[in-house]
Amino acid sequence: MTNQERSSHSRLEVIKGMEDFVGKNIDTLLKPINESWQPSDLLPDMKDDNWREQINEFRLRAEALPDDLLVVLIGDMVTEEALPTYQTFLNRLDGVKDETGASDSPWAQWSRGWTSEENRHGDLLNKYLYLTGKVDMRAVETTIHNLIRNGFDTQTGSDPYLGFIYTSFQERATKISHTNVAKLAKKAGDERLQKICGLIAGDEARHEKAYRLFMQKVFEVDPVEAILSFAKMMKIKITMPAHLMNDGKDRNLFTNFSNIAQKIEVYTAKDYAEIISNLVKGWDVENLKGLSDMAAKAQDYLCNLSERYLKVAGRLSFAGPATKFSWIFDREV
Ligand SMILES: [Fe+2]
Ligand SMILES: [Fe+2]
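As the structure is a prediction and not an experimental result, all values here were calculated from the model.

So, how was this worked out
Residues numbered from 1 in each chain as written. Chains lettered and ligands numbered in written order. Predicted model: local features only at pLDDT ≥ 70, side-chain atom pairs only at ≥ 80, totals over all residues. Heavy atoms only, no water. Donors = N, O, S within 2.8 Å, 3.2 Å for Na, K, Ca; no water. Helix = DSSP H or I, 4+ residues; strand = E, 2+ residues; numbered from the N terminus. Buried < 20%, exposed > 50% of the residue type's maximum accessible area, 1.4 Å probe, protein only. Core = buried A, V, L, I, M, F, W, Y, C linked by side-chain atoms within 4.5 Å. Contact = heavy atoms within 4.5 Å. Phe/Tyr/Trp six-rings, centres within 6.5 Å; stacked < 30°, edge-to-face > 60°. Salt bridge = Lys/Arg side-chain N within 4 Å of Asp/Glu carboxyl O. Axes fitted to C-alpha atoms, helices over the stretch in contact; angles between N-to-C directions. Parallel < 35°, antiparallel > 145°, perpendicular 65-115°, else oblique. Left-handed = near helix turned anticlockwise from the far one by under 90°.

S.K.: What should I look at first to understand the coordination of the iron ion (ligand 1) in this one?
M.R.: As a benchmark, a tetrahedral metal site with four donors has ideal angles of 109.5 degrees, while an octahedral site with six donors has ideal angles of 90 or 180 degrees. For the iron ion (ligand 1), the full set of protein donor atoms is Glu-80 (OE), Glu-80 (OE), Glu-118 (OE), His-121 (ND1) and Glu-204 (OE), and the range of their distances to it is 2.1 to 2.4 Å. Sequence spacing among the residues donating to the iron ion (ligand 1) works out to E-x37-E-x2-H-x82-E. Taken as a pair, the iron ion (ligand 1) and the iron ion (ligand 2) lie 3.4 Å from each other and share Glu-118 as a ligand. Placement of the pair is Glu-80 in helix 4 (residues 67-81) and Glu-118 in helix 6 (residues 106-132), with a sequence separation of 38 residues. Across this residue pair, the class does not change: Glu-80 and Glu-118 are buried.

This is the structure in structure tokens:
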């Protein structure tokens, strides 16, 4: 048996050993369906007699949204809509994967429960954007089509430790992003959009808590491998899930979208640094004891990493030339 085989073998055992723990916590980490919001709760009711007034009022509010915010919201929606890719990712992880498609195992219940909650995000944002009438839906739909077809490599392979470090980071990133869009929507006077993004951010917060808790447990049971994996994931870097988005026109679509998100401070390089320090603190990396030499090196690296990113973030500037976005009929942002 090679070292790598031995290590992945024991990782599988650790993850399998957590099944009871996941089973016990699943009811607090996922919301009961009868208490959950659904997209139609937040949208004009087309079966009401006054649906025309509702739509008019809806569009009047959305009219006030600035183009930069609209572009970021579309990018966020496109990201959420690539959910098939993310469920596929969870089903690649050793010990976590759903062996039958309807397995009773706690991990399979978690991954299907997570997916079903996430499914509402893209659904709601998509319908919201469609109803605004401010978006070239065909260009946006083509982007989603391309993105799902292109896929996305988290570079975590089938390793559940890397996978849960990735998701802990990513759920916090989406929570930050949706929370900031909610704030900007309020500023623009669209309270409905504020509520929509607030609810989605609430889901992301709960999902962040879940993945961090899973990883917390790994830190308790297998601290050396946990800390080595954390350092490894940070060296690989957290690739954003929609980085292969493509509308068939703009070769730098993802970069241009991220630059706008950075410019209006929805998701920034500073946030990336903050997430690192938050995870390092949350898993109490600084105080882990009895580490091997390699793990102690990883500990040092992790405890100083956020500072290093913050220094770089302070030097970044995103005041580039305006960019045309097909999503909003080639208007420049
Ligand atoms: Fe989401
Ligand atoms: Fe999420």
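From this point, things continue past the structure.
S.K.: Hey, could you run me through the coordination of the iron ion (ligand 2) in this one?
M.R.: Protein-derived ligands of the iron ion (ligand 2) are Glu-118 (OE), Glu-171 (OE) and Glu-204 (OE), with the metal-ligand distances lying across 2.0 to 2.1 Å. Along the chain, the residues donating to the iron ion (ligand 2) fall in the pattern E-x52-E-x32-E.

S.K.: What's the story with the nonpolar core in this structure? I'm lost.
M.R.: Generally speaking, nonpolar side chains in soluble globular proteins are found buried as a group. One finds Trp-110, Tyr-128, Phe-214, Phe-230, Met-234 and Trp-327 to be the most contacted residues of the largest nonpolar core, which totals 103 residues. The greatest single-element share of this core, amounting to 11 residues, is contributed by helix 8 (residues 160-188). Once residues lying within four places of it in the same chain are set aside, the contact partners of Trp-327 are Val-71, Ile-74, Gly-75, Val-135, Asp-136, Ala-139, Val-140, Thr-143, Met-245, Asp-247, Leu-253 and Phe-257.

S.K.: What should I look at first to understand the packing of aromatic side chains in this one?
M.R.: Pairs of aromatic rings are described using the distance from one ring centre to the other and the angle between the two planes. Inspection of every chain in the model, using the stated rule, returns 19 aromatic pairs. Considering the side-chain rings of Trp-110 and Phe-214, the 5.4 Å spacing of their centres and the 85° angle between planes classify their relative orientation as edge-to-face. Separated by 104 residues along the polypeptide, Trp-110 in helix 6 and Phe-214 in helix 9 (residues 191-221) bring together distant segments of the chain. There is no split in this pair, since Trp-110 and Phe-214 are both buried. Chaining the aromatic ring pairs together yields one cluster made of Trp-107, Trp-110, Trp-114, Phe-164, Tyr-211 and Phe-214.

S.K.: I'm lost on the environment of Leu-43 in this one. Help?
M.R.: Tracing the sequence through the fold places Leu-43 in the loop between helix 2 (19-29) and helix 3 (51-63). In this structure, the C-alpha to C-alpha distance between Leu-43 and Gly-17, residues 26 residues apart in sequence, is 43 Å. Setting aside residues no more than four positions away along its own chain, Leu-43 makes contact with Leu-124, Lys-127, Tyr-128, Leu-131 and Arg-192.

S.K.: Just to check I follow, could you spell out the pattern of salt bridges for this structure?
M.R.: Where charged atoms from two side chains of opposite charge come close, those side chains can pair. Within this structure, the stated rule accounts for 18 salt bridges. Glu-57 is the salt-bridge partner of Arg-61, the closest N and O atoms lying 3.3 Å from each other. Remark: Glu-57 and Arg-61 occur in helix 3; sequence separation between them is four residues, near one turn of the helix. Overall, Glu-57 belongs to the partly exposed group, its relative accessible area being 40%. Salt-bridge contacts for Glu-274 lead to Arg-172; the nearest nitrogen and oxygen are separated by 3.0 Å. Taken as a pair, Glu-274 in helix 12 (residues 269-282) and Arg-172 in helix 8 lie far apart in primary sequence, 102 residues in all. When its relative accessible area of 28% is taken as the criterion, Glu-274 is described as partly exposed. Exposure remark for Arg-172: the relative accessible area of 11% places this residue in the buried category. Put simply, Arg-172, Lys-175, Glu-208, Arg-212 and Glu-274 are held in one network by salt bridges that share partners.

S.K.: How should I be thinking about the packing of helix 6 against helix 9 in this particular structure?
M.R.: Working note: a packed helix pair is described by the angle between its axes plus the distance between those axes. Two elements in contact, helix 6 and helix 9, have axes separated by 11 Å at closest approach and are oriented at 160°. In terms of orientation, helix 6 lies roughly antiparallel with respect to helix 9. Handedness of the helix 6/helix 9 crossing: left-handed. Here helix 6 contributes Trp-107, Trp-110, Trp-114, Glu-117, Glu-118, Arg-120, His-121, Leu-124, Leu-125 and Tyr-128 to the contact with helix 9, which in turn contributes Leu-193, Ile-196, Ile-200, Asp-203, Glu-204, Arg-206, His-207, Ala-210, Tyr-211 and Phe-214.

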